[in-house]
Amino acid sequence: MTIQSMNELFHHELQDIYYAENQIAKSLSEMMDQATDAALVDNFEHHLEDTHEQIKRLEQVFRALGQSPKGVTCQAILGLIEESQETLREIEDERVRDAAILASAQAMERYEITRYGTLVAWADQLGRTIGADQTALGGLEIVDLLQLTLDEEKNQDSRLTALAESRINRLAA
Ligand SMILES: [Fe+2]
């Protein structure tokens, strides 16, 4: 399928992150089973709940655009997940494994931050400049939904940094 406009590019990115979020939900529950540190497992549990909300939020965005929610394969997230699982298979020490799990989760988080950052900027631009399409795009409403998720991802990134520095990396080392 060729992408012929900024609106279509936006829609394509939306499908990409929708696919990625669903993969991340699966990967988070797998990593939750593999992790041993209680604080890390607890963090994943909370973020898994957030992730399910974020998926629903994306479905709201699709509906606001008059589209049915559908993903397109996101090679980037598949690559991150595969690389993470490959590394985890090689690690025997559970403390070291926890540090690797946290780092993988954070890499996925940062991928999401870059994608949602772009989507917020594009939704804002499209909502502001394309008069007739503004209603079709849902304007600010869509920006707000995406911004909410972007803020959650940034908070999760900070929580993971704090957890790594205060505990997980120290225990692993
Ligand atoms: Fe997410």
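See the structure printed just above.
Bear in mind that the values here come from a model prediction, so they are computed numbers and not experimental data.

### Let's talk about the coordination of the iron ion
Moving on, step 1. Within the protein, the iron ion binds to Glu21 (OE), Glu21 (OE), Gln54 (OE1), Glu112 (OE) and Glu153 (OE); these donor distances fall in the range 2.1 to 2.5 Å.
Moving on, step 2. One chain supplies every donor to the iron ion, and in sequence these donors are spaced E-x32-Q-x57-E-x40-E. Taken as a pair, Gln54 in helix α2 (residues 38-64) and Glu153 in helix α6 (residues 140-172) lie far apart in primary sequence, 99 residues in all. The residues Gln54 and Glu153 share a single accessibility class, namely buried.

### Concerning a negative patch on the surface
Moving on, step 1. A cluster of acidic side chains, namely Glu82, Glu83, Glu86 and Glu90, defines a negative patch on the protein surface.
Moving on, step 2. Note on placement: Glu82 falls in helix α3 (residues 75-90).

### Focus: the packing of aromatic side chains
Moving on, step 1. Applying the stated criterion across every chain, the model contains one aromatic pair.
Moving on, step 2. Judged by centre distance (5.3 Å) and plane angle (75°), the ring pair of Tyr18 and Phe62 falls under edge-to-face. Pair noted here: Tyr18 is in helix α1 (residues 6-34) and Phe62 is in helix α2, with a separation of 44 residues, a long-range link.
Moving on, step 3. According to the relative accessible area criterion, Tyr18 is buried, its value standing at 11%.

### With respect to empty space enclosed by the protein
A water-sized probe rolled over the atoms picks out the places where empty space is left.
Moving on, step 1. Scanning the model with the defined rule gives one cavity of 30 Å³ or more in all.
Moving on, step 2. Roughly 40 Å³ of volume is contained in the largest cavity.
Moving on, step 3. Every residue lining the largest cavity is listed: Ile24, Leu28, Met31, His47, Ala105, Met108, Glu109 and Gln156.
Moving on, step 4. Across the lining of the largest cavity, the residue classes tally to five nonpolar, two polar and one charged.

What counts, and at which threshold
Residues numbered from 1 in each chain as written. Predicted model: local features only at pLDDT ≥ 70, side-chain atom pairs only at ≥ 80, totals over all residues. Heavy atoms only, no water. Donors = N, O, S within 2.8 Å, 3.2 Å for Na, K, Ca; no water. Helix = DSSP H or I, 4+ residues; strand = E, 2+ residues; numbered from the N terminus. Buried < 20%, exposed > 50% of the residue type's maximum accessible area, 1.4 Å probe, protein only. Patch = residues over 30% accessible without salt bridge, like charges linked within 9 Å, V, L, I, M, F, W, Y side chains within 5 Å. Areas by Shrake-Rupley, 256 points an atom, 1.4 Å probe, with all protein chains shown as cover. Salt bridge = Lys/Arg side-chain N within 4 Å of Asp/Glu carboxyl O. Lys, Arg positive; Asp, Glu negative; His and termini not counted. Charge placed at Lys NZ, Arg CZ, Asp CG, Glu CD. Phe/Tyr/Trp six-rings, centres within 6.5 Å; stacked < 30°, edge-to-face > 60°. 1 Å grid on protein atoms, 1.4 Å probe; cavity = no way out; pocket = protein on both sides within 12 Å on 5 of 7 lines; lining within 4 Å. Points joined across faces, edges and corners; volume = space filled by probe spheres on them. Nonpolar A, V, L, I, M, F, W, Y, C, P; charged D, E, K, R; others polar.

This is a description of form; function is not addressed.
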